[in-house]
Amino acid sequence: MEEKTEKAIRLEKEALMQIKEITAENAHLVSNLHANLGGLYRMNGQAALAKEHMEKGLLLLEQYQLLPSNDSLPQINNYAALLTEMQEPDRAMSVLRKLVRIIKDYNSDHCLDYAQVQESMGNICLITADVSRAKTHFKKAMKIYEDVWADEPELIEQKYKEIQELYPQIGIALAKGILTSQNKQV
């Protein structure tokens, strides 16, 4: 797996080097290349490089007024996940709140993109043991899923199960983290 990731990183870097100048016409492409590179570095356990490239990609989206594009949603969600992994959940939530405003302004607060970000915010709240806020975000997401998928009850049921399964997983992860920190203090 690592060899394939290394090769993919090399190819993404080569693609970036082919672009001599960033313009309005290619900013989206360059942003995606940086986001891809960031994701690959994240998979490779190189958080600092992942963060650097993800931020470059997002900066280009912002600089060229491309944040309302569909590409910004996974880029910002992945960046927020990385920030959470890097022990920066407050910053991750701030980034997602900004994304929620963008989605609401350019689309609606009742679309699947909005629900997906609410779900991501719920995940971060769970990770930080803020269960009541997590429930609020998950309820907002599920309300949208229920409305949008009204004719597809199997999708709604699947989403409910996914969210319910997060609670014990997060509880186990939190317990392990507490035990690990207590063992270091002993």
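Source: prediction; values computed, not measured.

(A) Quick look at the overall build of the chain. Scanning the chain from terminus to terminus reveals 8 helices and 0 strands. Listing the helices and strands of the chain from first to last along the sequence gives α-α-α-α-α-α-α-α. Considered along the principal axes of its C-alpha atoms, the chain spans approximately 50 × 50 × 30 Å. Taking all 186 residues of the chain together, 38% fall into the buried category. Here the contacts in the chain between residues at least 6 apart in sequence split such that 57% fall between residues at least 24 apart.

(B) Looking closely at the layout of surface pockets. In this structure, the largest pocket occupies an estimated 210 Å³ of space. Forming the walls of the largest pocket are Glu55, Leu58, Leu59, Glu62, Leu67, Ile76, Tyr79, Arg91, Val95 and Lys98. Going through the elements one at a time, helix H3 (47-63), helix H4 (72-85) and helix H5 (89-106) are the ones with two or more residues in the lining of the largest pocket. The biggest single contributor to the lining of the largest pocket is H3, with 4 residues. Tallied by class, residues from the lining of the largest pocket come to 6 nonpolar, no polar and 4 charged.

(C) Local environment of the nonpolar core. Grouped together as the largest cluster of nonpolar side chains are 47 residues, with contacts concentrated most on Ile76, Leu96, Leu99, Ile103 and Val117. Beyond its immediate chain neighbours, meaning those up to four positions away, Val117 contacts Leu73, Asn77, Leu96, Leu99, Val100 and Ile103.

(D) Highlighting the packing of helix H2 (residues 27-43) against H3. Two elements in contact, H2 and H3, have axes whose closest approach is 7 Å; the angle formed by their N-to-C orientations is 160°. Judged by the angle between their axes, H2 and H3 are roughly antiparallel. The crossing of H2 and H3 is left-handed. Facing Ala27, His28, Val30, Ser31, His34, Ala35, Leu37, Gly38, Gly39, Tyr41 and Arg42 of H2, the residues of H3 in contact are Leu49, Ala50, His53, Met54, Lys56, Gly57, Leu58, Leu60 and Leu61. Looking at the contact of H2 with H3 residue by residue, the class counts come to 11 nonpolar, 7 polar and 2 charged.

(E) Spatial organisation of the packing of aromatic side chains. Counted according to the given criterion, the structure contains 1 aromatic pair. Look at Tyr145 and Trp149: their rings are 4.8 Å apart centre to centre, the planes differ by 10°, and that puts the pair in the stacked class. Of the two residues, Tyr145 and Trp149, neither departs from the other in class, the shared state being buried.

(F) Looking closely at the pattern of salt bridges. For the structure shown, the criterion picks out 10 salt bridges. The salt bridge involving Arg42 is made with Glu85; its shortest N-O contact spans 2.5 Å. On the criterion of sequence distance, the pair formed by Arg42 in helix H2 and Glu85 in helix H4 is long-range, its members being 43 residues apart. Judged by relative accessible area, which is 26%, Arg42 ranks as partly exposed.

(G) Fine view of helix H1 (residues 2-18). The end-to-end C-alpha distance of H1 is 25 Å, a good match for the 24 Å that 17 residues give at a rise of 1.5 Å each. For H1, the set of buried residues is Thr5, Ile9, Glu12 and Leu16. Projection of H1 onto a plane perpendicular to its axis shows the buried side chains occupying an angular sector of 65°, all on one side. Among the exposed residues of H1, those oriented more than 90 degrees off its buried face are Glu3, Lys4, Met17 and Gln18.

(H) How the structure looks around the environment of Tyr79. Turning to its location among the elements, Tyr79 is positioned in helix H4. Sequence-wise, Tyr79 and Gln63 are 16 residues apart; in three dimensions their C-alpha atoms are separated by 17 Å. Among residues more than four places away in sequence, those in contact with Tyr79 are Lys51, Met54, Glu55, Leu58, Arg91 and Val95. In terms of polar contacts, Tyr79 uses its side chain to reach the side chain of Arg91, at 2.9 Å.

About the thresholds
- Sequence order sets the numbering: in each chain, residues are counted from 1 along the sequence as written.
- Totals for whole chains, interfaces and linings use every residue, but because this is a predicted model, local features are given only for residues with pLDDT of at least 70 and side-chain atom pairs only at 80 or more, for both listing and counting.
- Each side-chain value is derived from all of the structure's non-hydrogen atoms; neither hydrogens nor water enter the calculation.
- Strands here are runs of E lasting at least two residues and helices are runs of H or I lasting at least four, both read from the DSSP assignment and numbered beginning at the N terminus.
- Working definition: with a 1.4 Å probe on protein chains only, accessible area under 20% of the residue-type maximum means buried, over 50% means exposed, and in between means partly exposed.
- Note on contacts: a residue pair qualifies if any of its non-hydrogen atoms lie within 4.5 Å across the two residues.
- A cavity here means a set of points on a 1 Å grid, drawn over the protein atoms and nothing else, where a 1.4 Å probe fits but cannot get out; a pocket is an open set with protein on both sides within 12 Å along at least five of seven lines, and a residue lines either one if it has an atom within 4 Å of a point.
- Grid points are joined across faces, edges and corners, and a volume is the space filled by probe spheres set on the points.
- Just so you know the grouping, Ala, Val, Leu, Ile, Met, Phe, Trp, Tyr, Cys and Pro go in nonpolar, Asp, Glu, Lys and Arg go in charged, and all remaining residues, Gly too, go in polar.
- Nonpolar core, defined: a set of buried Ala, Val, Leu, Ile, Met, Phe, Trp, Tyr and Cys residues in which side-chain atoms within 4.5 Å join the residues together.
- Between N-to-C directions, angles span 0 to 180 degrees; the directions come from axes that are lines fitted to C-alpha atoms, helices contributing only their stretch in contact.
- With respect to orientation, any angle under 35 degrees is reported as roughly parallel, any angle over 145 as roughly antiparallel, any angle of 65 to 115 as roughly perpendicular, and every other angle as oblique.
- The hand of a helix crossing depends on one turn: near helix anticlockwise from the far one by less than a right angle means left-handed, and clockwise means right-handed.
- Aromatic pairing here means that ring centres of Phe, Tyr or Trp (its six-membered ring) are within 6.5 Å. Orientation follows from the plane angle: under 30 degrees is stacked, over 60 is edge-to-face, and everything else is tilted.
- The salt bridge criterion pairs a side-chain nitrogen of Lys or Arg with a carboxyl oxygen of Asp or Glu, the two atoms within 4 Å.
- In this analysis, the expected span of each helix is defined as 1.5 Å times one less than the number of residues it contains.
- Picture the helix axis, draw a direction to every C-beta atom, and the arc is the one those directions span.
- Here a polar contact means two N or O atoms within 3.5 Å. Within protein one must be a hydrogen donor candidate and the other an acceptor candidate, and residues neighboring in sequence count only if both atoms are side-chain atoms.

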